[in-house]
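What follows is the residue order along each chain.
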Amino acid sequence: MTTAVDSPTTVALPEITRSRHVPPPSGPREPLKVSVYERMSKSNAQLMPIFPYDGAGAIVPCGAVLYGGPDRTHGHFFHWNTVSELLVAWGCNEGMIATGSLMATQPFHGVNSFLRDEKKEGAFMLATITQRQSSEAGQREALSAKCEKCKQELVKLEYASAPEGAPDYDPTAFGGQEGDPFLQFSTMWGSQEFVKIRNSEEGRTCQECGHENYIFDQMPWGWNVFYDKTRIANEAYRSLEAAAKGAQG
Ligand SMILES: [Zn+2]
């Protein structure tokens, strides 16, 4: 017994020309798979990109692990970003955002521990904040702080945060050098610069009411650690290159 099979030439193919395609990997941005929980267990800073890609057009999920304790002080500041941010809460206890929820932040938003009580042992939040890097010129960010007493703006640091590949990208921005194999993430550079200004005597003293504001504790945020380690990774890479050249005569 034989079964009739349509010849391929007689089968009408569905209309696919209008469907959208994700282009195949081009090489520089190979597909990678990570567990957000595993990755964040080894993180050294809040807003750490969990993939090593943050160039123009890249979708950049950045992880944060915030937790409470009697000695934990996160302070408060404001962040402004020309690109959109989406927060996903991968796990929370006594947090301001429920586990499994998403939140699209406003371009200008306040930032603190996102915990109901930062002094409470056992309170935590593991989240990602994802931004899409601009392919066009003009990506910018700012951090600012207000006086805890009168709410007057204390300090503001606004900077161009153009990613690699954008028309206004500057390889020497964010403390980098031309040819760095590992690029600084603009938000990390900006955040640790902001803390320097914010914690200076001038930055802490309110011009409006004279109140001397608290010293912002960078320890729970770790931006300076991330920034320093990225700088050292570049220097270490260069030192091996120099050693190899020396060994080859
Ligand atoms: Zn004031």
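Residue positions are given per chain, counted from 1 along the sequence in the order it is written. Two thresholds apply to this predicted model, a pLDDT of at least 70 for residue-level local features and 80 or more for giving and counting side-chain atom pairs, whereas whole-chain, interface and lining totals are computed over all residues. Hydrogens and water are ignored here; the side-chain numbers use all heavy atoms of the structure.

## Considering the environment of methionine 125
Defined as follows: To qualify as a helix, a DSSP run of H or I must reach at least 4 residues; to qualify as a strand, a run of E must reach at least 2; elements of each kind are numbered from the N terminus. Here a residue-residue contact requires only that any non-hydrogen atoms of the pair lie within 4.5 Å.
With respect to the secondary-structure elements, methionine 125 resides in strand β7 (residues 124-132). Beyond its immediate sequence surroundings of up to four residues, methionine 125 is in contact with Ala64, Val65, Leu66, Gly91, Cys92, Ile97, Phe114 and Leu115.

## As for the confidence of the model for the protein
Which entries qualify depends on this criterion: Per-residue confidence from the predictor is given as pLDDT, running between 0 and 100.
Here the protein averages 92 in pLDDT, while 93% of its residues score no lower than 70. Mean pLDDT values for the elements of the protein range from 94 in strand β6 (residues 108-111) up to 98 in helix α1 (residues 36-41).

## Some points on empty space enclosed by the protein
We count it as follows: Space inside and on the surface of the protein is sampled on a 1 Å grid over the protein atoms alone, with a cavity defined as a set of points where a 1.4 Å probe fits but cannot get out and a pocket as an open set with protein on both sides within 12 Å along at least 5 of 7 lines; lining residues have an atom within 4 Å of a point. Grid points are joined across faces, edges and corners, and a volume is the space filled by probe spheres set on the points. Polarity classes work like this: nonpolar for Ala, Val, Leu, Ile, Met, Phe, Trp, Tyr, Cys and Pro, charged for Asp, Glu, Lys and Arg, and polar for all others, with Gly in that last group.
Taken as a whole and assessed by the stated rule, the structure comprises three cavities of 30 Å³ or more. For the largest cavity, the calculated volume is near 240 Å³. Around the largest cavity sit 19 residues that line it, and Leu47, Phe77, Val111, Phe114 and Ile129 are the ones nearest its centre. Every element with two or more residues in the lining of the largest cavity is listed here: β2 (59-67), β3 (77-81), β4 (85-93), β6, β7 and α2 (186-199). Looking at the lining of the largest cavity, its residues break down into twelve nonpolar, six polar and one charged. Of the voids in this model, the second largest cavity is the one considered here, and its volume is about 130 Å³. Around the second largest cavity, the lining comprises 18 residues; the ones closest to its centre are Glu164, Tyr169, Phe174, Leu183 and Gln184.

## Overview of the sheet that holds β3
Strand pairing within a sheet occurs via backbone hydrogen bonds; the two strands may be parallel or antiparallel. Basically, it comes down to this: Paired strands, in this sense, are two strands between which DSSP finds at least two bridges. Where helices are involved, their axes are fitted lines through C-alpha atoms of the stretch in contact, as for all axes, and angles between N-to-C directions lie from 0 to 180°.
In space, the four strands of this open sheet follow the order β6-β3-β8-β9, with antiparallel pairing throughout. Each edge of the sheet is formed by a strand with only one pairing partner; in this case those strands are β6 and β9 (153-160). Taken over all neighbouring pairs, the strand axes of this sheet differ in orientation by 20 degrees on average, direction set aside. Judged from the seven bridges that link them, strand β8 (residues 140-146) and β9 form a sheet pairing that is antiparallel. Along β9, the bridge assignment pairs leucine 143 with leucine 157. Each of β3, β8 and β9 touches α2; the most contacted strand, β9, lies at about 150 degrees to it.

## Here's the deal with the pattern of salt bridges
For clarity, the cut-off: We count a salt bridge whenever a side-chain nitrogen from Lys or Arg sits within 4 Å of a carboxyl oxygen from Asp or Glu. Each residue is placed in one exposure class: buried if its accessible area under a 1.4 Å probe, protein chains only, is under 20% of its type's maximum, exposed if it is over 50%, and partly exposed if it falls in between.
For the coordinates displayed, the defined rule picks out nine salt bridges. For the salt bridge of arginine 140 with glutamate 158, the shortest nitrogen-to-oxygen distance reads 2.8 Å. Note that arginine 140 is positioned in strand β8 and glutamate 158 in strand β9, a separation of 18 residues in sequence. Residue lysine 156 pairs with glutamate 158 through a salt bridge whose shortest N-O separation is 3.8 Å. Look at glutamate 158 and you get partly exposed, because its relative accessible area is 36%. The network of salt bridges with shared partners includes Arg140, Lys156 and Glu158.

## Quick look at the nonpolar core
The cut-off we apply is this: Each nonpolar core is a collection of buried residues, namely Ala, Val, Leu, Ile, Met, Phe, Trp, Tyr and Cys, held together in the definition by side-chain atoms within 4.5 Å.
Counting 42 residues, the largest nonpolar core has Phe77, Met125, Met188, Phe194, Trp221 and Trp223 as its most contacted members. Contributing elements (two or more residues each) for this core: α1, β2, β4, β7, β8, β9, α2 and α4 (223-247). In this structure, methionine 188 is in contact with Ala45, Gln46, Leu47, Met48, Pro49, Trp223 and Phe226, ignoring residues within four places of it in sequence.

## A short note on α2
Threshold: Expected span, for any helix, means 1.5 Å times one less than how many residues it has.
For α2, with 14 residues, the first-to-last C-alpha span of 20 Å sits near the 20 Å given by 1.5 Å per residue. Of all 14 residues that make up α2, ten are buried, and the element is covered over most of its length. Of the positions making up α2, those classed as buried are Ser186, Thr187, Met188, Trp189, Gly190, Ser191, Gln192, Phe194, Val195 and Arg198. Considering only its buried residues, α2 is in contact with β1 (48-49), β3, β8, β9, α3 (201-204) and α4.

## Details of the sheet that holds β4
Reading across the sheet, the five strands line up as β1-β2-β7-β4-β5 and stay open at both edges, with antiparallel pairing between neighbours. Edge positions in the sheet fall to β1 and β5 (102-104), since each of these pairs with one other strand and no more. Direction of pairing for β4 relative to β5: antiparallel, over a ladder of three bridges. Counterpart to leucine 87 in the pairing with β5 is methionine 103.

## Looking at the packing of α2 against α4
Applicable threshold: Throughout, the term roughly parallel applies to angles under 35 degrees, roughly antiparallel to angles over 145, roughly perpendicular to angles from 65 to 115, and oblique to all others. Should the near helix be turned anticlockwise from the far one by less than a right angle, the crossing is termed left-handed; should it be turned clockwise, right-handed.
Between α2 and α4, the least distance of the axes is 8 Å, while the angle of their chain directions is 125 degrees. With respect to their mutual orientation, α2 and α4 come out oblique. At the point where α2 passes α4, the crossing takes the left-handed sense. Along the contact surface, α2 presents Met188, Trp189, Ser191, Gln192 and Val195, while α4 presents Trp223, Asn224, Phe226 and Tyr227. The residue makeup of the contact of α2 with α4, split by class, is six nonpolar, three polar and no charged.

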